[in-house]
Amino acid sequence: MRAMKIRLAILGSGSGTNCQSIFQAIDDGRLNAEVVTVFSDNPDAYILERAKKRGVSTGILDCRGYKNKFPEEVQEALARRLQELDIDLICLAGFMRLVKSPLLETFPRRILNIHPALLPSFPGVEAWKQALEAGAKQTGCTVHYVDAGMDTGEIIMQAFVPVLPGDTPERLHARIQVQEHILYPAAIQSALARM
Ligand code: GAR
């Protein structure tokens, strides 16, 4: 493992509570890393405010009005920028677009994602709702390496969350998020130890 602090980039589309949990873990000494930059495909995402409050540089990914697509030229520009910033590891934290070539080739085994279910069950969007609708007795969250598939990469760590009688999607997701905020920093630290 590198003696220097690992340089992280975080990509998110929403509130950024997982990003905040990474900041917290760094401050607590549980994660030997620094967040160098935060990028979002959503200019209004609160994750950008969290980064600014911390003095972390931010960037917007202009996906040209595409709802789900992550255009190749946008990924190419991002890959170049992250190389310039000497980024070691990219953490997807609620980033709602599929990362593919060329970002994956530029950062092989250097991109992590957190997913709100026990993969391989319930990949894709609103995984907590999928678990509830399927009548699962338990679900959870997973941190995995990103590959070219949808939530298919090698699993690093998982945490279990029981589905309780009378759960609503919101309540279940809130309990999963409590676990995410513990799991993600721990999984990043574990991935760093293998670099
Ligand atoms: C988290 O629950 C994360 O697992 C999920 O989005 C939420 C983002 O919350 N990600 C996905 O569903 C990716 N497929 P946050 O913005 O508060 O970290």
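Structure: above.
In this report, the structure presented in the accompanying data block is examined. (Residues numbered from 1 in each chain as written. Predicted model: local features only at pLDDT ≥ 70, side-chain atom pairs only at ≥ 80, totals over all residues. Heavy atoms only, no water.)

### Considering the site of the ligand
We count it as follows: Here a residue is considered near a molecule or strand provided that any single heavy atom belonging to it is located within 4 Å of it. Each polar contact in these results corresponds to two N or O atoms within 3.5 Å; when the atoms are within protein, one needs to be able to donate a hydrogen and the other to accept it, and residues that are neighboring in sequence are counted only if both atoms are side-chain atoms. Here the Shrake-Rupley method, with its probe set to 1.4 Å, supplies the accessible areas, and only the displayed protein chains count as covering residues. Going along the chain from the N terminus, every DSSP run of H or I of four or more residues is numbered as a helix, and every run of E of two or more is numbered as a strand. When residues are grouped by polarity, Ala, Val, Leu, Ile, Met, Phe, Trp, Tyr, Cys and Pro land in nonpolar, Asp, Glu, Lys and Arg in charged, and all others, Gly among them, in polar.
Close to the ligand lie 13 residues; Gly16, Thr17, Asn18, His173 and Glu180 are nearest. With respect to the ligand, the backbone of Ser15 contributes an N or O atom lying 3.4 Å from an oxygen atom. Here Thr17 contributes a side-chain N or O atom positioned 2.5 Å from an oxygen atom of the ligand. Calculation on the ligand without its partners gives an accessible area of 450 Å², and the protein chains cover 91% of this total. Of all elements in the fold, only α1 (17-28), β5 (111-115) and α6 (169-193) reach the threshold of two or more residues within the shell around the ligand. Within the shell around the ligand, the residues separate by chemical class into 3 nonpolar, 9 polar and 1 charged.

### Quick look at the sheet that holds strand β3 (residues 57-60)
Definition in use: Two strands qualify as a pair provided DSSP detects at least 2 bridges between them. Axes here refer to lines fitted to C-alpha atoms; in helices the fit is confined to the stretch in contact. Angles between the N-to-C directions go from 0 to 180 degrees. Should any heavy atoms of two residues lie within 4.5 Å, those residues are counted as being in contact.
In space, the 7 strands of this open sheet follow the order β3-β2-β1-β4-β5-β6-β7, with mixed pairing throughout. A strand with exactly one partner marks an edge of an open sheet, and here the two such strands are β3 and β7 (155-162). Across the sheet, the mean angle separating the axes of adjacent strands is 20° when strand polarity is ignored. With 7 bridges joining them, strand β1 (residues 6-12) and strand β2 (residues 33-40) adopt parallel strand pairing. Within β2, the position partnered with Ala9 by the bridge is Thr37. Here α1 sits on the sheet in contact with β1, β2 and β5, set at roughly 165° to β2.

### So, α1
This is how the line gets drawn: What a helix is expected to span follows from its residue count: subtract one and scale by 1.5 Å. Relative accessibility thresholds used throughout: buried, under 20% of the residue-type maximum; exposed, over 50%; partly exposed, between the two (1.4 Å probe, protein chains only).
In this model α1 runs 16 Å from its N-terminal to its C-terminal C-alpha over 12 residues, within 8% of the 16 Å that 1.5 Å per residue would give. Residues of α1 that are buried: Asn18, Cys19, Ser21, Ile22, Phe23, Ala25 and Ile26. Looking at the buried side of α1, the elements it contacts are β1, β2, α2 (46-54), β5 and α6. The positive-phi residue at the C-terminal boundary of α1 is Gly29, with phi of around 80°.

### So, the packing of aromatic side chains
Note the threshold: Within 6.5 Å between ring centres, the rings of Phe, Tyr and Trp (the latter by its six-membered ring) count as paired, and their orientation is classed by plane angle as stacked under 30 degrees, edge-to-face over 60, tilted in between. Remark: a charge is flagged as sitting over a ring if the NZ atom of Lys or the CZ atom of Arg is within 6 Å of the ring centre and within 35 degrees of the ring normal.
According to the stated counting rule, one finds 1 aromatic pair in the structure shown. Ring centres of Phe70 and Phe95 lie 5.3 Å apart, and the angle between their planes is 65°; on these two criteria the pair is classed as edge-to-face. With a gap of 25 residues between them, Phe70 in the loop between β3 and α3 (72-84) and Phe95 in the loop between β4 (89-92) and α4 (103-106) connect regions that are remote in the sequence. In this structure, Phe70 and Phe95 share a single accessibility class: buried. For the cation-ring pair, Lys69 lies above Tyr66, with the distance from its terminal atom to the ring centre recorded as 4.4 Å.

### A short note on the environment of Ala148
Take Ala148: it is sitting in the loop between β6 (138-145) and β7. Residues Ala148 and Lys100 lie 48 residues apart in sequence; the distance between their C-alpha atoms is 5.5 Å. Setting aside residues up to four positions removed in sequence, Ala148 forms contacts with Lys100 and Leu104.

The values reported here are purely geometric and, on their own, carry no functional implication.
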